[in-house]
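Structural overview for review
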Amino acid sequence: MSDHGMMEKEEIFSKVLRAGRRTYFFDVRATKAGDYYLTITESKKFTNDDGSFHYKKHKIYLYKEDFSEFNVILKEMIDYVIDEKGDEVISERHQKDFKKEELDAEDEDFDSETIKSAENFTDINFEDI
């Protein structure tokens, strides 16, 4: 690829959110005309039967003309979920790698902050992405 083609792919500004087996990448990029747009990439790690792993990625391109409406709807949807279900995460129990004994408060002292902190850590090798 030419140097010009590589420059089109470079991020102007980036942030990463690691969330369990998922990692979200927020990247500001430039169009050929020099305007900015946002890409949001979800990368999820999957383990094969042989122990090797691979990532599945999904990407959204969000352009400036859609920022305002996107932001309004996203905030509305987030507020709805929090209003209806609160901010406690209950879906962890449905993940195939969920370990009930980690959250069994009757057996041991239970420190939810420690568990939440550990769940937010993801060991990721960016060369594999």
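**Topic: the confidence of the model for the chain**
- Mean pLDDT over the chain stands at 77; residues scoring 70 or higher make up 63%.
- No element of the chain has a lower mean pLDDT than helix H3 (residues 112-119), which averages 46, and none a higher one than helix H2 (residues 64-85), which averages 96.
- For the stretch residues 100-119, pLDDT sits under 50, and the model shows 9 contacts to residues farther than four places along the chain or on other chains.

**Comments concerning the sheet that holds strand E4 (residues 53-63)**
- Spatially, 4 strands are ordered E1-E2-E3-E4 in an open sheet, and the strand pairing comes out antiparallel. Among the strands making up the open sheet, the edge pair consists of strand E1 (13-19) and E4. Strand-to-strand twist across the sheet, computed as the mean angle between neighbouring axes with direction ignored, equals 15°.
- As paired elements, strand E2 (residues 22-30) and strand E3 (residues 36-47) share 9 bridges and run antiparallel to each other.

**Comments concerning the packing of aromatic side chains**
- If you walk through the whole model with that rule in mind, you get 3 aromatic pairs.
- Judged by centre distance (6.0 Å) and plane angle (85°), the rings of Phe53 and Tyr55 are edge-to-face.
- Since its relative accessible area comes to 36%, Phe53 is described here as partly exposed.
- Tyr55 gets classed as buried once you look at its relative accessible area, which sits at 15%.
- Between the NZ or CZ atom of Arg21 and the centre of the ring of Phe46, over which it lies, the distance is 5.6 Å.

Definitions and cut-offs
- Residues numbered from 1 in each chain as written.
- Predicted model: local features only at pLDDT ≥ 70, side-chain atom pairs only at ≥ 80, totals over all residues.
- Heavy atoms only, no water.
- pLDDT = per-residue confidence, 0-100.
- Helix = DSSP H or I, 4+ residues; strand = E, 2+ residues; numbered from the N terminus.
- Contact = heavy atoms within 4.5 Å.
- Pairing = 2+ DSSP bridges.
- Axes fitted to C-alpha atoms, helices over the stretch in contact; angles between N-to-C directions.
- Phe/Tyr/Trp six-rings, centres within 6.5 Å; stacked < 30°, edge-to-face > 60°.
- Buried < 20%, exposed > 50% of the residue type's maximum accessible area, 1.4 Å probe, protein only.
- Lys NZ or Arg CZ within 6 Å of the ring centre and 35° of its normal.

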